[in-house]
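For reference, the chains in residue letters:
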Amino acid sequence: FNTEARLVGNHTLMMRATDENKEKMLEYIDRLASGGGTNYYNAFNLAFQTLKLSALQDMTSSCHQALLFLSDGEISDDEDEVFELIRTERQFNLMLFTYSFGGSNIGSVPGKIACEFDGIWAQISD
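Residues numbered from 1 in each chain as written. Predicted model: local features only at pLDDT ≥ 70, side-chain atom pairs only at ≥ 80, totals over all residues. Heavy atoms only, no water.

Engineer: What exactly am I supposed to notice about the environment of Thr-88 here?
Structural biologist: Relative to the helices and strands, Thr-88 is located in helix 3 (residues 79–89). C-alpha of Thr-88 to C-alpha of Gly-9: the two residues are 79 residues apart in sequence and 28 Å apart in space. Among the polar contacts listed, one links the side chain of Thr-88 to the backbone oxygen of Glu-84, at a separation of 2.8 Å. (Helix = DSSP H or I, 4+ residues; strand = E, 2+ residues; numbered from the N terminus. Polar contact = N/O pair within 3.5 Å; in protein donor to acceptor, adjacent residues only side chain to side chain.)

Engineer: Sorry if this is basic, but what is going on with the side chain of Asn-39 here?
Structural biologist: With respect to the helices and strands, Asn-39 occurs in the loop between helix 1 (19–30) and helix 2 (40–56). Among the polar contacts listed, one links the side chain of Asn-39 to the backbone nitrogen of Tyr-41, at a separation of 3.2 Å.

Engineer: Explain the packing of aromatic side chains here, please?
Structural biologist: Aromatic ring pairs are described here by two measures, namely the spacing of the ring centres and the angle between the planes. Overall, the coordinates contain four aromatic pairs when judged by the stated rule. Between Phe-44 and Phe-69, the ring centres sit 4.6 Å apart and the planes meet at 20 degrees, which makes this aromatic pair stacked. With a gap of 25 residues between them, Phe-44 in helix 2 and Phe-69 in strand 1 (residues 65–71) connect regions that are remote in the sequence. One exposure class covers both Phe-44 and Phe-69, and it is buried. Grouped by ring-pair contacts, the aromatic residues Tyr-40, Phe-44, Phe-48 and Phe-69 constitute a single cluster. (Phe/Tyr/Trp six-rings, centres within 6.5 Å; stacked < 30°, edge-to-face > 60°. Buried < 20%, exposed > 50% of the residue type's maximum accessible area, 1.4 Å probe, protein only.)

The structure is reproduced here in structure tokens:
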């Protein structure tokens, strides 16, 4: 929803889905505001780095992983670079779920990502 990709709070690793952490996540989501471009590359890069660091710190079993990518706009960076990043960084056991919010054809790239990497895409209307 923004040009910048960032993690929730001060965390650099994945967080356990405790009731407290789920509540913090919901509060964070409620405060989100759109702005800037739609930088897919930064979002995927940050997600992959977080998964790697979390695995190194034993914060994940790494046997099954899922990544949810949500977008409300057209891609603002190079599509080929995004696909190459995903191709290079994606672990074989990572399931990609991509979601496009709003109308128009913004689902084209998230839909292509899901198809290319055996994921699932959905369009969410306003």
